[in-house]
Structure formats: structure tokens, C-alpha cells
Amino acid sequence: MILEYIVIGAGILISHFLNGTNLFEISGFKPDFMVIFVLFFALRKGTMAGIWIGFFGGLLSDSGLGGEIVGNVVTYKIGLHSLTFCIMGYLVGKFARPAYHENQISIMLYSLIVTLISRIASYFLFSLFFHENLNYSIISTSIFNGAIAPIFFWVLGKLYRLEQAEG
């Protein structure tokens, strides 16, 4: 049980580091591996896995944003991705998991739609609490995630030895 959590934690760290590299960048567009990682576990293991992996993955994503000086105060954007990924993990595990079928098209569609909704929600939270970020890519990241999700799901399925879970 503990080993399983350690291996999932390592996957969260690897997803975070993949988000930080330019290895998968094409014409300035990058995928969001953390969204795909949370989506994978929410679909395969359910709501609780989606919530906790979303929380810790989002917290790690938020910690990578750093601080911003506003006036004489340094503000940190901790909790925005965490909240978004938690809600996404719960909703996907609760409502999308029973209708999920393990095929390339459904993985692509789930990834595209979930990434689009989570990126819009994160952008809204950034705009609400801080300021608008005009460099925050929504559509291109969603399309990119949809394109690479079947490969990422296949690799994660082999690494974690998780078969298609029953709804």
C-alpha cells in the first residue's frame, strides 16, 4: 500500500518535471501532463484517487508558479491549480468513469474536454484573484493533450499495471 503511494507520488513528480521541460514543446505550445495524469487515475481508480492526486499534483503545479511582487507584498498563487484539479478529479471519477470506454477516440475526447474545462477554470481563478494572464494557453494545450493522451495512457497503464476498471 505504501509502495503504491510512493510510486504514484513519483509519477506526480515526473509529470511536474515534464511540464517544466521544453522537450515536448512544438511551436511554443506545450501539453499539460499533470491534467492527463489526474485524468488517468480518476478514470481508472475513481473519485478518491482523482481528488488526492489532483490535490497534490495541483499543489506541485502551483508551487512552480513562484511569487509575484505586488506593491511591497509578495503573493503566491498556491491553491488555484490544486482546487481545479481536485474538482476535475472528483467530477471525472464520479460522472465520466461509468461511461468511459478504453479506446483511442474516447481517451482523446476526454483529455481534450477535461483539459479545456480545467484550463478555463484555472484562467478564471487567476483572473479573479490576481490578474489576467494573456500568455495562458487554453485551446492549444487542450488540443495537444488530446493528441498525446492515448500514448500517455498506454505508458501509464503499463507502468502502473492498471487494467480498465469497472464503473
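Residues numbered from 1 in each chain as written. Predicted model: local features only at pLDDT ≥ 70, side-chain atom pairs only at ≥ 80, totals over all residues. Heavy atoms only, no water.

1. A short note on the pattern of salt bridges
To keep it simple, the criterion reads: By convention in these notes, a salt bridge is any Lys or Arg side-chain nitrogen within 4 Å of a carboxyl oxygen on Asp or Glu. Strands are runs of DSSP state E lasting at least 2 residues, helices are runs of H or I lasting at least 4, and numbering of each runs from the N terminus. Only protein chains enter the accessibility calculation, which uses a 1.4 Å probe; a residue whose area is less than 20% of its type maximum is buried, one above 50% is exposed, and one in between is partly exposed.
Under the defined criterion, the tally for this structure stands at 3 salt bridges. Across the pair Lys-45 and Glu-4 runs a salt bridge, and its minimum N-O distance is 2.5 Å. Taken together, the positions of Lys-45 in helix H2 (residues 33-45) and Glu-4 in helix H1 (residues 2-20) put the pair 41 residues apart, joining distant regions of the chain. With a relative accessible area of 32%, Glu-4 lands in the partly exposed category. With a shortest N-O distance of 3.3 Å, Arg-119 and Asp-32 are connected by a salt bridge. One end of the pair, Arg-119, is in helix H5 (residues 104-129); the other, Asp-32, is in the loop between H1 and H2, and 87 residues separate them in sequence. For Arg-119, a relative accessible area of 10% puts it in the buried group. For Asp-32, a relative accessible area of 7% gives the class buried.

2. Focus on the nonpolar core
A general feature of soluble globular proteins is that nonpolar side chains tend to end up buried together. Quick reminder of the rule: The definition of a nonpolar core used throughout is a set of buried Ala, Val, Leu, Ile, Met, Phe, Trp, Tyr and Cys residues joined through side-chain atoms within 4.5 Å. In this description, contact between two residues means that some pair of their heavy atoms is separated by no more than 4.5 Å.
Residues Phe-37, Ile-53, Val-92 and Phe-153 are the most contacted members of the largest nonpolar core, which totals 30 residues. For this core, the elements supplying multiple residues, two or more each, are H1, H2, helix H3 (47-63), helix H4 (80-96), H5 and helix H6 (139-160). Looking at which element gives the most residues to this core, the answer is H2, with 11 residues. What Phe-37 contacts, discounting residues up to four positions off in sequence, is Ile-8, Gly-11, Ile-12, Ser-15, Ile-53, Phe-152, Leu-156 and Tyr-160. Counting residues in hydrophobic clusters, the runner-up holds 5 residues, among them Leu-125, Phe-126, Tyr-136 and Ile-138.

3. Some details on H4
How we decide: By this rule the span expected of a helix is its residue count minus one, scaled by 1.5 Å.
Counted at 1.5 Å a residue, the expected span for H4 with its 17 residues is 24 Å, and the 23 Å between its end C-alpha atoms agrees. Taken residue by residue, H4 has Leu-80, His-81, Ser-82, Thr-84, Phe-85, Cys-86, Met-88, Gly-89, Val-92, Gly-93 and Ala-96 as its buried positions. Along its buried surface, H4 packs onto H2, H3 and H5.

4. A few points about the packing of H1 against H3
Between two packed helices, what matters for the description is the angle formed by their axes and the separation of those axes. Applied cut-off: A fitted line through C-alpha atoms serves as each axis, taken over the contacting stretch for helices, and the angle formed by two N-to-C directions is quoted from 0 to 180°. Each crossing is labelled by how the near helix is turned from the far one, with a counterclockwise turn of less than a right angle marking it left-handed and a clockwise turn marking it right-handed. Three classes are used, and their members are as follows: Ala, Val, Leu, Ile, Met, Phe, Trp, Tyr, Cys and Pro are nonpolar, Asp, Glu, Lys and Arg are charged, and the others, Gly among them, are polar.
Where H1 contacts H3, the two axes come as close as 10 Å, and the packing angle between them is 35 degrees. Once H1 is placed against H3, the crossing between them reads as right-handed. Contacts between H1 and H3 pair Ile-8, Ile-12, Leu-13 and His-16 from the former with Ile-53, Phe-56, Gly-57, Leu-60 and Ser-61 from the latter. Residues that form the contact of H1 with H3 fall into these classes: 6 nonpolar, 3 polar and no charged.

Treat this as a map of the structure, not an account of what it does.
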